[in-house]
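Topology and contacts: notes
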Amino acid sequence: MRQNGSPGPVFESDEDRTWFLVRLPVHERVTPAATEHETEHETEHVERLISVLRGEMNRPQLQEMLGISRRPHFVAVYLGPALKAGLIEMTLPGKPRSRKQSYRRTAAGEALAQEIGEGDHSA
């Protein structure tokens, strides 16, 4: 953030330090309208991914569930943002390119699924 001239992060916590929040201020050269649109669009894609992810699923299964044929698009628009947000995790984190790689919701992903009305239906 410092390298691109963005303001530093702001950390907040409760007195007992049972939770924390990190705010990452938007760079002054980014227009709020563009940021809101991109965030809204990204959120919709991530929510769709969370809503179809059941138990552990691999990339081809997820793409099929979402009706997305192009791998680069799926990784850039759905999988990457969901991983970055900590809503899903790899089952083989030490082998991100493994053909046996699958993904599952994290606790935060489960919370989002509950919020959007898609509870865990896995066995």
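Whatever comes next refers back to the structure up there.
Residues numbered from 1 in each chain as written. Predicted model: local features only at pLDDT ≥ 70, side-chain atom pairs only at ≥ 80, totals over all residues. Heavy atoms only, no water.

One finds Leu49, Ile50, Leu62, Leu66, Phe74, Tyr78 and Ile88 to be the most contacted residues of the largest nonpolar core, which totals 18 residues. Put simply, the parts of the chain that give this core at least two residues each are helix H1 (32–52), helix H2 (59–66), helix H3 (71–84) and helix H4 (107–115). (Core = buried A, V, L, I, M, F, W, Y, C linked by side-chain atoms within 4.5 Å. Buried < 20%, exposed > 50% of the residue type's maximum accessible area, 1.4 Å probe, protein only. Helix = DSSP H or I, 4+ residues; strand = E, 2+ residues; numbered from the N terminus.)

This part is about the sheet that holds strand S4 (residues 88–90). Pairing in this open sheet of three strands is antiparallel, and the strands run S3-S5-S4 from one edge to the other. Strands at the two margins of the open sheet, each flanked by one partner only, are strand S3 (57–58) and S4. Looking at chain direction, S3 and strand S5 (residues 102–105) are connected through two bridges and run antiparallel. Across the sheet, the residue bridging to Asn58 is Ser102, located in S5. (Pairing = 2+ DSSP bridges.)

On to the packing of aromatic side chains. One pass over the structure, following the stated rule, counts one aromatic pair. Where Phe74 meets Tyr78, the ring centres are 5.9 Å apart and the plane angle is 15 degrees; that geometry is what we call stacked. With Phe74 and Tyr78 both in helix H3 and four residues apart, this pair spans about one turn of that helix. Judged on exposure class, the residue Phe74 and its partner Tyr78 are both buried. (Phe/Tyr/Trp six-rings, centres within 6.5 Å; stacked < 30°, edge-to-face > 60°.)

Let us look at the pattern of salt bridges. Taken as a whole and judged by the stated rule, the model has four salt bridges. Salt-bridge contacts for Glu56 lead to Arg104; the nearest nitrogen and oxygen are separated by 2.8 Å. Residue Glu56 is located in the loop between H1 and S3, and its partner Arg104 is located in strand S5; the two are separated by 48 residues in the primary sequence. Relative accessible area serves as the criterion here: at 28%, Arg104 is assigned to the partly exposed category. Measuring nitrogen to oxygen at the nearest pair gives 3.3 Å for the salt bridge that ties Glu110 to Arg105. Salt bridges sharing partners connect three or more residues here, namely Glu56, Glu89 and Arg104. (Salt bridge = Lys/Arg side-chain N within 4 Å of Asp/Glu carboxyl O.)

Bringing unusual backbone geometry into the picture now. A positive phi angle, close to 55 degrees, is found at Arg17, a residue other than glycine. Within the secondary structure, Arg17 is located in the loop between strand S1 (10–13) and strand S2 (20–23). Owing to a relative accessible area of 70%, Arg17 belongs among the exposed residues under this scheme.

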